[in-house]
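Close look at the chain arrangement
Next come the chains, spelled out residue by residue.
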Amino acid sequence: MSKQAQAVVLLLFGGAIVKAASTDLYLRYVKEGLRPFLLLTGAFLVATALFTLWYEYRPSPDRPSSDRPDAHAHAHHEPRVGWLLLLPVIALLLVAPPALGAFTAGQSGTLTAAAESDYGPLPEGDPVPVGLLDYASRSIYDDARSLAGRRVQLTGFLSAGPDGGPMLARIVVSCCAADGRPIKIGLTGGPAVDVPSGTWIQVTGRHSARRVKDPVNQADIAYLEVEQWQPITPPKQQYE
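1. Structural notes on the nonpolar core
In terms of nonpolar packing, the biggest core is built from 26 residues, with Y135, V152, L154, I185, L187 and I201 touching the most fellow members. Within the residue set of this core, elements represented by two or more residues are α6 (132–141), β2 (152–160), β3 (166–172), β4 (181–188), β5 (200–213) and β6 (220–231). When sequence neighbours within four positions are dropped, the list of residues in contact with Y135 reads V130, L147, V152, L154, I185, R206, H207, S208, A222, Y223 and L224. Membership of the second largest hydrophobic core comes to 10 residues, among which are A102, I171, A177 and Y239.

2. Notes on helix α2 (residues 35–57)
A turn of α-helix holds 3.6 residues, and therefore any two residues three or four places apart point the same way. The end-to-end C-alpha distance of α2 is 33 Å, a good match for the 33 Å that 23 residues give at a rise of 1.5 Å each. Three or more residues of α2 are buried, namely G42, L45, V46, A49, L53 and E56.

3. Things to note about a nonpolar patch on the surface
On the surface, F51, W54 and Y55 cluster together into a nonpolar patch covering about 370 Å² of accessible area. You can see F51 is positioned in helix α2. Relative accessible area serves as the criterion here: at 52%, F51 is assigned to the exposed category.

4. Digging into the pairing of β2
In terms of burial, β2 is a largely internal element, 7 of the 9 residues being buried. Here β2 pairs with β5 via 6 bridges, running antiparallel. Across the sheet, Q153 pairs through a bridge with T204, a residue of β5. Two strands pair when backbone bridges link them, and β2 and β3 are joined in this way by 4 bridges, in the antiparallel orientation. Note that in β3 the partner of L158 across the bridge is L168. Linking β2 to β3, which pair antiparallel, is a turn of 5 residues; within it G164 sits at a positive phi near 90°.

5. Structural notes on unusual backbone geometry
The residue after D126, namely P127, is reached through a cis peptide bond having omega 0°. Tracing the chain through its elements places P127 in the loop between α5 (102–107) and β1 (128–129). Its identity as a non-glycine residue notwithstanding, D143 has a phi of 50°, on the positive side. Relative to the helices and strands, D143 resides in the loop between α6 and β2. You will see that Q218, though not glycine, has its phi angle at about 65°, which is positive. When you line up the elements, Q218 lands in the loop between β5 and β6.

6. Brief notes about the packing of aromatic side chains
One pass over the structure, following the stated rule, counts 2 aromatic pairs. Their ring planes at 35° and their centres at 5.7 Å tell us that F51 and W54 sit as a pair that is tilted. Residue F51 and its partner W54 are both found in helix α2; the two are separated by 3 residues, about one turn of the helix. The same class applies to F51 as to W54, namely exposed. Ring geometry for F157 and W200: centres 5.7 Å apart, planes at 70°, overall edge-to-face. With F157 in strand β2 and W200 in strand β5, the pair connects residues that are 43 residues apart, well separated along the chain. Here F157 falls in the buried class, since its relative accessible area comes to 2%.

7. With respect to the pattern of salt bridges
For side chains bearing opposite charge, pairing can occur when the charged atoms are close. Considering all chains together, one arrives at 10 salt bridges under this definition. Residue D143 pairs with R145 through a salt bridge whose shortest N-O separation is 3.7 Å. Overall, D143 belongs to the exposed group, its relative accessible area being 53%. Given the relative accessible area of 57%, R145 is considered exposed. Where K184 meets D214, a salt bridge forms, and the shortest distance between an N and an O atom there is 3.0 Å. Highlighted residues: K184 in strand β4 and D214 in the loop between β5 and β6, separated in sequence by 30 residues. On the accessibility criterion, K184 (8% relative accessible area) is buried. Ionic contacts of the salt-bridge type, sharing partners, join the residues D126, R151, R206 and E227 into one network.

Here is what the cut-offs are and how they apply
- Residues numbered from 1 in each chain as written.
- Predicted model: local features only at pLDDT ≥ 70, side-chain atom pairs only at ≥ 80, totals over all residues.
- Heavy atoms only, no water.
- Core = buried A, V, L, I, M, F, W, Y, C linked by side-chain atoms within 4.5 Å.
- Buried < 20%, exposed > 50% of the residue type's maximum accessible area, 1.4 Å probe, protein only.
- Helix = DSSP H or I, 4+ residues; strand = E, 2+ residues; numbered from the N terminus.
- Contact = heavy atoms within 4.5 Å.
- Expected span 1.5 Å × (residues − 1).
- Patch = residues over 30% accessible without salt bridge, like charges linked within 9 Å, V, L, I, M, F, W, Y side chains within 5 Å.
- Areas by Shrake-Rupley, 256 points an atom, 1.4 Å probe, with all protein chains shown as cover.
- Salt bridge = Lys/Arg side-chain N within 4 Å of Asp/Glu carboxyl O.
- Pairing = 2+ DSSP bridges.
- Phe/Tyr/Trp six-rings, centres within 6.5 Å; stacked < 30°, edge-to-face > 60°.

And the structure:
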């Protein structure tokens, strides 16, 4: 691929990054705090591409004829397979892929919650909003001591459990979607959760002593005793 073609690919790729980072689309790929770095990276790629094109096509009487773009074009044919690099760029510009969801949760084992030496009391409120990973950690490693007597509110998407029962799940990312792993919470009791898999819901309930093993990786899955639930619009930040 010639330098001019490389610059065009670089320009489109940088533009796609800037476009994604300028909207909430980037949240489907990386964590929220990485937005400034994406904007800087995209701007740098665009600037590099523009400078390359300017250098290749700038008029200069002292420039050797062998360095002119038309000389290279007549000298040999570049392999066209290099243009396939444009496909993912075009896809990023034209197609907005969904965030990782129920399919990923069904294929991957639940995240093993990290044990802490001390679990402080939950914040004030009834019910108190709690992240799925925090709830699982308190349930499994704190023996639910900090959850005793409290009503909690969990938010996630519905996923099928190993026995076909409903589970609440969310994808946890350390950096980007490539390292995303699901955290799953089983739902028991209360009104039946009868919405399609992948639907985002908000669940209010109390800790359940029930616990099962995830058949994918044999990690413990905590449960919540459901009191009420409702479908919700997917949040802007779908990863935890």
